[in-house]
Amino acid sequence: MTKPAAFFQRDRTWHPPALTSDYKTSVARSPRLALLSIENSASELTGPAFGHGDIDPGDADLIRNYAHTGDPVGERIIVHGRVLDESGRPVPGTLVEIWQANAGGRYRHRKDAYMAPIDPNFGGCGRTLTDAAGGYAFRTIKPGAYPWRNWVNNWRPAHIHISVFGSGFAQRLITQMYFEGDPLIQRCPIVRSIPDPRAIEQLIAPLDMNAAVPFDCLAYKFDIILRGTRSTLFENRLEGN
Amino acid sequence: MPQALHELKETASQTAGPYVHIGLAPGAAGFDIYRNELGHDIAGPHAAGERIRIEGVVLDGTGAPVKDVLIETWQADANGIHAHPGDPRSGEVAPGFRGWGRVITDFDTGVWGFDTVKPGPVAGRDGRLMAPHISLWIVARGINIGLSTRLYFSDEAAANAADPVLGLIEQVHRRQTLIASLSLSDGKPLYRFDIRLQGDGETVFLDI
């Protein structure tokens, strides 16, 4: 591999700003001073690499990876898509990790005290590596909506948290995937921390009947876009390089 | 209309939320699911260099510890080599050295800590050496997009003074927010690095 090129500048007007007062927790956890923009060096262009020795094939099947006495309760779904960069190039071999609530909207976490029950057969996390075309797939249960403390009656839309690496640490991204048709999406202060409606639409996975398995499970398709890589045309000829 | 660029837009960030541990550190969430949880061992057993420990807290704008934060770390080895195929010397990295870690807090106190080897200097993009540093990426409930910063070392004063990134920080006193302070704990090097998300002494965060 040749020396990696710099990434496209991150569009900070597309991402949510740090301070979004309708999402109350952001108020005391958001920097007030400007970020210092630095050009990518080796510290940002490189990042951890993962291989098939790090994970197990079964890790991507949330219906079975924590099942003890049978399958978990809920709507069986496949979530699949590709990890691409902003130029449309596949990002192969990158680690994708997901976590979510169960069908009742309850997380398996010592800090979650919501009244909906824990499902003894559902852990709520999975991970996989993208294939050569950037593709990934998980099998899971559609998560439920749940209430959270913000305003008195806030409910999160059904969502799956997704973490992706890319090739360099500057591509590191965590986001949330929502489901087509959910009326809670537009009411959610966390969703609405994103200023551009097109950026929100990009987080909503459409139903994908062609990937559904008849008499088994439905499917949703979710492509994930990471920062693109700049071409290095002429750049190596610059003085000092 | 000019031609279209046909570029895609990066997927927008969303907060990692309060239950980030389920996905990235399920043991901390309270259950055991994976054969191999990732990010526990940054340097591995064979890496050369000085073994160090780093501890700190992340403080919010009121001065309270953020108890549900998760930090990822990324660094070169003691020779300044990254375990990444883009580093031409990556083949020289000791087996088991990944240079990447996941750090979680004590849920009661917010204190976090990790063990690693002290990284060596790495060439910056203009060929100037950067002082030894560890890149940090901080996510939590209430953080809409992961916060990037760097941790430098107090016993590298000369290298820090010449570091091209520290030198970009206009308010000179704010450079100190990126420098971990060295002490000894049971005879071993212990660096303290507190991160202030907001307010007095706000850490310098980077747009990388």
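Note that this is a predicted model, so its numbers are computed, not measured. (Residues numbered from 1 in each chain as written. Chains lettered and ligands numbered in written order. Predicted model: local features only at pLDDT ≥ 70, side-chain atom pairs only at ≥ 80, totals over all residues. Heavy atoms only, no water.)

**Focus: the interface of chain A and chain B**
Tallying the contact residues gives 94 residues for chain A and 78 residues for chain B. Summed over both partners, the interface of chain A with chain B buries about 7,600 Å², with 55% contributed by carbon and sulfur atoms. If you sort the residues of chain A by the area they bury against chain B, R29(A), L36(A) and F169(A) come out on top, with a joint share of 11%. Across the pair R150(B) and E44(A) runs a salt bridge, and its minimum N-O distance is 2.8 Å. Applying the counting criterion to the chain A and chain B interface returns 55 residue pairs in polar contact (both at pLDDT 80 or more). In the side of chain A that touches chain B, the residues fall into 43 nonpolar, 28 polar and 23 charged. Examined bridge by bridge, strand β1 (residues 36–37) of chain A and strand β12 (residues 206–207) of chain B share two bridges and lie parallel to one another. Residue pairing across strands places S37(A) opposite D207(B), the latter belonging to β12(B). (Contact = heavy atoms within 4.5 Å. Buried area = accessible area lost by both parts, 1.4 Å probe. Salt bridge = Lys/Arg side-chain N within 4 Å of Asp/Glu carboxyl O. Polar contact = N/O pair within 3.5 Å; in protein donor to acceptor, adjacent residues only side chain to side chain. Nonpolar A, V, L, I, M, F, W, Y, C, P; charged D, E, K, R; others polar. Pairing = 2+ DSSP bridges. Helix = DSSP H or I, 4+ residues; strand = E, 2+ residues; numbered from the N terminus.)

**Notes on the side chain of D87(B)**
Residue and element names in this part refer to chain B. Take D87: it is sitting in the loop between β2 (70–74) and β3 (100–104). In this structure, D87 is buried with no salt-bridge partner, the nearest side chain bearing the opposite charge being R89 at 4.8 Å. The contact partners of D87, leaving out residues within four places of it in the chain, are G80, I81 and H82. (Buried < 20%, exposed > 50% of the residue type's maximum accessible area, 1.4 Å probe, protein only. Lys, Arg positive; Asp, Glu negative; His and termini not counted.)

**A look at the layout of surface pockets**
Counted as a void, the second largest pocket has a volume near 570 Å³. Around the second largest pocket, the lining comprises 24 residues; the ones closest to its centre are Y146(A), P147(A), W148(A), R149(A) and Y19(B). The residue makeup of the lining of the second largest pocket, split by class, is twelve nonpolar, six polar and six charged. (1 Å grid on protein atoms, 1.4 Å probe; cavity = no way out; pocket = protein on both sides within 12 Å on 5 of 7 lines; lining within 4 Å. Points joined across faces, edges and corners; volume = space filled by probe spheres on them.)

**Some words on the state of the cysteines**
Each disulfide consists of a covalent bond between the sulfur atoms of two cysteine residues. Residue and element names in this part refer to chain A. By the definition in use, this model includes zero disulfides over all chains. The cysteine C125 is free of any disulfide, with C217 supplying the nearest cysteine sulfur at 19 Å. On the basis of relative accessible area, C125 is assigned to the buried category, the value being 0%. (Disulfide = S-S within 2.5 Å.)

In short, the description is geometric, and any link to function would need to be established separately.
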